[in-house]
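Summary of structural features
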Amino acid sequence: MDTHRMTPGPGPLLSVVERIEQAPQADALIGGLRKAVRALPLGPARDLLHGRQLGHPAHPLLVQVPIGTWLSATVLDLLPGRRRRGAAPVLVGVGLAAAAPAAAAGWADWAELPPEQARTGLVHALANTAGVALYASSLYARTRGRDLRGRALALAGLAVVGAGGALGGHLAFRQAAGANHAEQVGHRVRDGWRHLGPVADFPVGRAALARVDGVDVLVVREEDGTVRALADRCSHMGGPLSEGELEDGCVRCPWHGSLFRLADGWNLEGPATAPQPAFETRVVAGRVEARLIRRHQPHRRGREPATA
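Our subject in this report is the structure included herewith. No experiment lies behind these values; they were computed from the predicted model shown. (Residues numbered from 1 in each chain as written. Predicted model: local features only at pLDDT ≥ 70, side-chain atom pairs only at ≥ 80, totals over all residues. Heavy atoms only, no water.)

1. Re the overall build of the chain
Test applied: Each helix is a run of DSSP H or I of at least 4 residues and each strand a run of E of at least 2, with the numbering of both proceeding from the N terminus. The atom set for the radius of gyration is the C-alpha atoms, and the globule formula is 2.2 Å times the number of residues raised to the power 0.38. By definition, residues are in contact when any of their heavy atoms lie within 4.5 Å. Per-residue accessibility takes into account occlusion by the displayed protein chains alone, with areas from the Shrake-Rupley method and a 1.4 Å probe. A positive count includes Lys and Arg, and a negative count includes Asp and Glu. His and the chain ends are not counted in either. Charged side chains are reduced to one point each, which is NZ for Lys, CZ for Arg, CG for Asp and CD for Glu.
The secondary structure content of the chain amounts to 11 helices and 10 strands. Against the 2.2 N^0.38 benchmark of 19 Å for 308 residues, the chain shows a C-alpha radius of gyration of 25 Å, more extended than a compact globule. Of all intrachain contacts in the chain linking residues separated by at least 6 positions in sequence, the fraction that spans at least 24 positions is 54%. Surface accessibility of the chain: about 16600 Å² in total, with carbon and sulfur atoms responsible for 60%. Each charge sign in the chain was given a centre, from 36 positive and 28 negative side chains, and these centres are 10 Å apart.

As structure tokens, then:
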């Protein structure tokens, strides 16, 4: 008997989460919430919430404070002695204060997710909102001298926040929300100069598409003859940059609006938090060649002379 055929598939918990991913019932609500979050006049603060300056999403970092303080409060609640438990309300309050920026960062990221991730993210947010409500009720009960009720509400809050955190883990690691979707380029493209195609295949001032070692590459030939090349799939969610708009030496992703500099792939505007893999280029005998820039290597000053 083939024992592999008898191995069970997804367990009950994973099955529930997968049903959440595929359930379209909340899509209308998601669409309205997405528009509302995108319409907020956040300005440069939006990139801060995305974590562009960090190089990765800020939300996972910010949630450490409320989770850590609430878990610490529970530990103190379970210890004997009123003196130790007296510090628990302070920790609950700190966690409630820290939950606000963590939630703001989460909503900013959530508004740029595709449907399956957005559905999971909505339930994740609702669970965390319920957890915040329970901890707020716990703090209120403690200030009224109802210590036992406050501790019970905090335990319930920790359980709900834990469930929300599990969904957040599924969102990040199973559904790859917030991951760098261009990371594999450096592992697939071999070192050295690679052929892109004849210069004539790349019209001046327009985005064109080439392929290197199985990786799609955006190619733009500028008016002075300089050829720019970036990995085509956006680091945020894999959008095709070759279908985006060219703006003053940059390209804007058509899916979620991230802006990348063509010269070096640097992400100037989010929601992308990782730069785009970029290529050095040269023209040899009328053909364009490209070499992937390895960002961990020392920067090469200047460019190798192009040969017509």
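2. Quick notes on the sheet that holds strand β3 (residues 215-221)
To keep things clear, this is the line we draw: Here the rule is simple: two strands pair whenever DSSP picks up at least two bridges between them. Angles run from 0 to 180 degrees between N-to-C directions of axes, and those axes are lines fitted to C-alpha atoms, restricted for helices to the stretch in contact.
With respect to topology, six strands assemble into an open sheet ordered β1-β10-β9-β4-β3-β2, the strand pairing being antiparallel. In this open sheet, the two strands that pair with only one neighbour each are β1 (194-198) and β2 (207-212). Looking at each pair of strands side by side, their axes are set apart by 30° on average, direction ignored.

3. Concerning the environment of Glu280
Applied cut-off: Relative accessibility under 20% of the residue-type maximum defines a buried residue, over 50% an exposed one, and the middle range a partly exposed one, all with a 1.4 Å probe and only protein chains included.
One can find Glu280 in strand β9 (residues 278-284). Look at Glu280 and you get buried, because its relative accessible area is 13%. Glu280 sits 145 residues away from Tyr135 along the chain, and the two C-alpha atoms are 53 Å apart.

4. Concerning the layout of surface pockets
Spelled out, the test is: Grid spacing is 1 Å over the protein atoms alone, the probe is 1.4 Å, and a cavity is where that probe fits but cannot get out, while a pocket is an open set with protein on both sides within 12 Å along at least five of seven lines and lining residues have an atom within 4 Å of a point. Grid points are joined across faces, edges and corners, and a volume is the space filled by probe spheres set on the points. Residues are grouped as follows: Ala, Val, Leu, Ile, Met, Phe, Trp, Tyr, Cys and Pro are nonpolar; Asp, Glu, Lys and Arg are charged; every other residue, Gly included, is polar.
The volume enclosed by the largest pocket comes to roughly 1000 Å³. Elements that contribute at least two residues to the lining of the largest pocket include exactly α5 (59-62), α6 (64-78), α8 (88-110), α9 (115-143) and α10 (147-174). Of the residues contributing to the lining of the largest pocket, the split by class is 23 nonpolar, 17 polar and one charged.

5. Considering the packing of aromatic side chains
For the record, the criterion: In this scheme Phe, Tyr and Trp rings, the latter by its six-membered ring, pair at centre separations within 6.5 Å, and the angle between planes marks the pair as stacked below 30 degrees, edge-to-face above 60, and tilted otherwise. A ring is considered to have a charge above it if a Lys NZ or an Arg CZ atom is located within 6 Å of its centre and within 35 degrees of its normal.
Counted by the stated rule, this structure contains two aromatic pairs. When the ring of Trp70 is compared with that of Tyr135, the centres are 4.2 Å apart and the planes differ by 10°; the resulting orientation is stacked. Note that Trp70 is positioned in helix α6 and Tyr135 in helix α9, a separation of 65 residues in sequence. According to the relative accessible area criterion, Tyr135 is buried, its value standing at 0%. We note Arg34 situated over the ring of Trp110; from NZ or CZ to the ring centre the distance is 5.9 Å.

6. Some remarks on the environment of Val90
With respect to the secondary-structure elements, Val90 resides in helix α8. Of the residues examined, Val90 reaches a relative accessible area of 55% and is grouped as exposed. Along the chain, Val90 and Leu139 lie 49 residues apart, while their C-alpha atoms are 8.7 Å from each other.

7. With respect to the packing of helix α2 (residues 12-22) against α10
This is how the line gets drawn: If an angle is under 35 degrees, it is roughly parallel; if it is over 145, roughly antiparallel; if it lies from 65 to 115, roughly perpendicular; otherwise it is oblique. Should the near helix be turned anticlockwise from the far one by less than a right angle, the crossing is termed left-handed; should it be turned clockwise, right-handed.
The interhelical angle for the contact between α2 and α10, taken along N-to-C directions, is 70°, at an axis separation of 12 Å. Taken together, the axes of α2 and α10 lie roughly perpendicular to each other. Crossing handedness for the pair α2 and α10: right-handed. Only Leu167, His170 and Arg174 of α10 make contact with α2, whose side of the interface consists of Leu14, Val17, Glu18 and Glu21. Residue classes in the contact of α2 with α10 are distributed as three nonpolar, one polar and three charged.

8. What about the environment of Gln22?
Take Gln22: it is sitting in helix α2. Note: C-alpha distance between Gln22 and Ala229 (207 residues apart in sequence) is 37 Å. In contact with Gln22, other than residues within four places in its own chain, are Glu116 and Arg119.

Nothing here speaks to function; it is geometry throughout.
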